[in-house]
Amino acid sequence: MLHGKYKNKLLSTALLLGSLPVMANVANGGFEQWSGNTPDAWTTIDSGIALTRSTSTVKSGSSSAAANVTTGSQSNTDLLQQVAVEAGKTYNFSADVYHTEGKIKARLYVDGYQGYSNQAQTNQWQTVSHSYTANSDKTISVGLRFYDVSGFDGSETVYVDNFLPNADGSASTSCTDNSLTLTLNTDNYGSETSWAVNNNQGSAVANGSGYASNTQYDEQICLTDGTYTLVINDSYGDGMCCSTGNGSYALKQGSTTLASGASFNSTDDSTAFTLGSGSGDGGGTTPTPTGYYVTAQGLSGYALKTELYNIIKDHNAQGYSAIWNFYDSSARDKYFENDNSILDMYSEKPNGSDSYNYAAVSDQCGNYSGEGGCYNREHSFPKSWFGGTIEPMNSDVHHIYATDGYVNSKRSNFPFGEVASASFTSTNGSKLGSAASSLNYSGTVFEPIDEFKGDFARAYFYMATRYENVIGTWQTKTTSSNAVLNGSSNQVFESWVVAMLLNWHNSDPVSQMELDRNQAAFEFQGNRNPYIDHPEFVEMIW
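Here's what I pulled together on the structure shown here. Not measured: the values here are computed from a predicted model.

Description of the pairing of strand β15 (residues 204–209)
Next, step 1: Burial analysis of β15 places five of its six residues in the buried class, the great majority of the element.
Next, step 2: Across four bridges, the pairing between strand β14 (residues 193–198) and β15 is antiparallel. The residue of β15 that forms the bridge with A196 is N207.

What about the side chain of H315?
Next, step 1: As for its position among the elements, H315 is in the loop between α1 (301–312) and α2 (323–330).
Next, step 2: With near-sequence residues (within four places) excluded, H315 lies in contact with P392, D396, Y462, R466, Y467, Q525 and N527.

Points about the state of the cysteines
Next, step 1: Scanning the model with the defined rule gives one disulfide in all.
Next, step 2: The residue that forms a disulfide with C365 is C374, at a sulfur-sulfur distance of 2.1 Å. Looking along the S-S bond of the C365-C374 disulfide, the torsion reads about 95°, which is the right-handed sense.
Next, step 3: On the accessibility criterion, C374 (2% relative accessible area) is buried.

Considering helix α6 (residues 495–507)
Next, step 1: Between its first and last C-alpha, α6 extends 18 Å over 13 residues, near the 18 Å set by a 1.5 Å rise per residue.
Next, step 2: Elements that come into contact with the buried residues of α6 comprise α4 (450–466), α5 (479–484), α8 (530–533) and α9 (537–541).

Structural notes on the sheet that holds strand β27 (residues 444–447)
Paired through backbone hydrogen bonds, the strands of a sheet run either parallel or antiparallel to each other.
Next, step 1: An order of β25-β26-β27 is seen for the three strands of this open sheet, with the pairing classed as antiparallel. Both outer strands of the open sheet, β25 (419–425) and β27, are each paired with one neighbouring strand and no more. Averaged over all neighbouring strand pairs, the angle between strand axes comes to 35°, with direction disregarded.
Next, step 2: Pairing between β25 and strand β26 (residues 431–435): five bridges, direction antiparallel. Across the sheet, S421 pairs through a bridge with S434, a residue of β26.

Some remarks on the pattern of salt bridges
Next, step 1: Tallying each qualifying case throughout the model produces ten salt bridges.
Next, step 2: Taking the shortest distance from any N to any O, the salt bridge between K305 and E468 comes out at 2.9 Å. Of this pair, K305 sits in helix α1 while E468 sits in the loop between α4 and α5, and the two are 163 residues apart along the sequence. Across the pair, E468 and K305 agree in class, each one buried.
Next, step 3: Residues joined by salt bridges that share partners form a network here, namely E447, D450 and K453.

Details of the sheet that holds strand β13 (residues 178–185)
Next, step 1: Strand order in the open sheet formed by four strands is β16-β13-β20-β21, with antiparallel pairing between adjacent strands. Single-partner strands in this sheet number two, and they are β16 (216–223) and β21 (256–261). With strand direction ignored, the average angle separating the axes of adjacent strands in the sheet is 15°.

A few points about the packing of aromatic side chains
Next, step 1: Scanning the entire structure with this criterion turns up 35 aromatic pairs.
Next, step 2: Where Y228 meets F273, the ring centres are 5.8 Å apart and the plane angle is 25°; that geometry is what we call stacked. With Y228 in strand β17 (residues 226–234) and F273 in strand β22 (residues 268–275), this residue pair connects regions lying 45 residues apart in the sequence.
Next, step 3: Accessibility expressed as a relative area gives 5% for F273, which makes it buried.
Next, step 4: Judged by centre distance (6.0 Å) and plane angle (80°), the rings of Y293 and F537 are edge-to-face. A residue pair is termed long-range when its members are at least 10 positions apart, and Y293 in the loop between β22 and α1 and F537 in helix α9 qualify at 244 residues.
Next, step 5: With relative accessibility at 2%, the residue F537 sits in the buried group.
Next, step 6: Positioned above the aromatic ring of Y320 is the side chain of R377, whose terminal nitrogen or guanidinium carbon lies 3.8 Å from the ring centre.
Next, step 7: The ring of F522 has R528 lying over it, and the distance from NZ or CZ to the ring centre is 5.2 Å.

Rules used in this analysis
Residues numbered from 1 in each chain as written. Predicted model: local features only at pLDDT ≥ 70, side-chain atom pairs only at ≥ 80, totals over all residues. Heavy atoms only, no water. Buried < 20%, exposed > 50% of the residue type's maximum accessible area, 1.4 Å probe, protein only. Helix = DSSP H or I, 4+ residues; strand = E, 2+ residues; numbered from the N terminus. Pairing = 2+ DSSP bridges. Contact = heavy atoms within 4.5 Å. Disulfide = S-S within 2.5 Å. Expected span 1.5 Å × (residues − 1). Axes fitted to C-alpha atoms, helices over the stretch in contact; angles between N-to-C directions. Salt bridge = Lys/Arg side-chain N within 4 Å of Asp/Glu carboxyl O. Phe/Tyr/Trp six-rings, centres within 6.5 Å; stacked < 30°, edge-to-face > 60°. Lys NZ or Arg CZ within 6 Å of the ring centre and 35° of its normal.

Here it is in structure tokens:
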């Protein structure tokens, strides 16, 4: 793209906290009026979807639209109508969707394709939304398009309801939850900028695009308590500042800044944040699981663990070779040196300069004869413990980290532990050696540095949960697995391991790096680590 001449222009939308976006009329957005099997006012219903009126699965009102998708040809699955908009005015469009099998996702269409639903979130309602600012007086298309994913069998029903703003039931008039303001100052190329706020299931709960250049926008966002990620996107990949103007963004709740930025040398700039008690960090009232974890409400002990297994099982394994791609996109150092190198927990020095750095892709292992040779794929829960290259464990990124090849080989398949006398110490202080007597275990162990002990502990709690149905058979695979696992499917670990992991989990709380990696893993393979989203689950179970 050629970057052109700077135009000095400033426009504020001047939306005051609690004020309404401009109302457009999505006719029959509640799907209450029907002529046979056709909802009134919906003028485009492609032949790849068959609509019927549902009175059993309903978000609001007395009926919804049951869309039976019968084709994988996405250009033949549109459900649309025409809506008039006015230049310079902002409209908040949203629709509620309900997935039944998880092999079809819905994409919001507002004068172009916008955010997707999370198809893996089945048998519950979710909302997809988009904040749209019209650049002229015109009529735009609004609606949904349906996309198949791997495993689609040629027929699946998705329910749709409550398309807002509509003529038969409009958007709420005020925000009774958390009112936030996202201030965007666009650079010379405002059309390159878009944003989304994703919930902890990875679904966009608010988003916006279509911005003019060198313009200030104040977007109002209303969110319930929970953990979210703000993603600012620059389609050209050169950020919002400073070679192409003086763009910036800031997300605030009152006077508190939750996220801000301007200069970033990648397509996306992401910041996770928590509202209310949604972080579950031990302060205040324990948060009630919602959304992705809603079926875990009211549970504790091993019953909670089993329900979490039901939620996170059956993820979409991408294969061992795909892990390189995951590292390229989601294992960069944005937290310590912030130099975009591969973040290796066996060499990262949190409080100083690393002894060596790895460039993504070009420094993949390969051969090595010592530290600094190359990075590889470390099964923090060694693959020999589950029998080798067996899927989906062998490619599950929730426990496989980019690490120095030589240190990885030193760790081998020894248990994690705390070292009394080290036979090997890496450049960042990770150790291999005899176990400290306080562990109540005698043998060789590998000890990561304190900065990452909680990360590894939560990866182990994840493994104990995700593979609850088979992990009870892994104890006798190797000497090391026998030392760590107790042969059960509930407690899973020997008591000395449980005590150590609990200590690591509490001493090293969930970090921004973990939040970001968990979201990336969800987008990569379709499931989450519940102990990152809800750290309180650990001691509710163990």
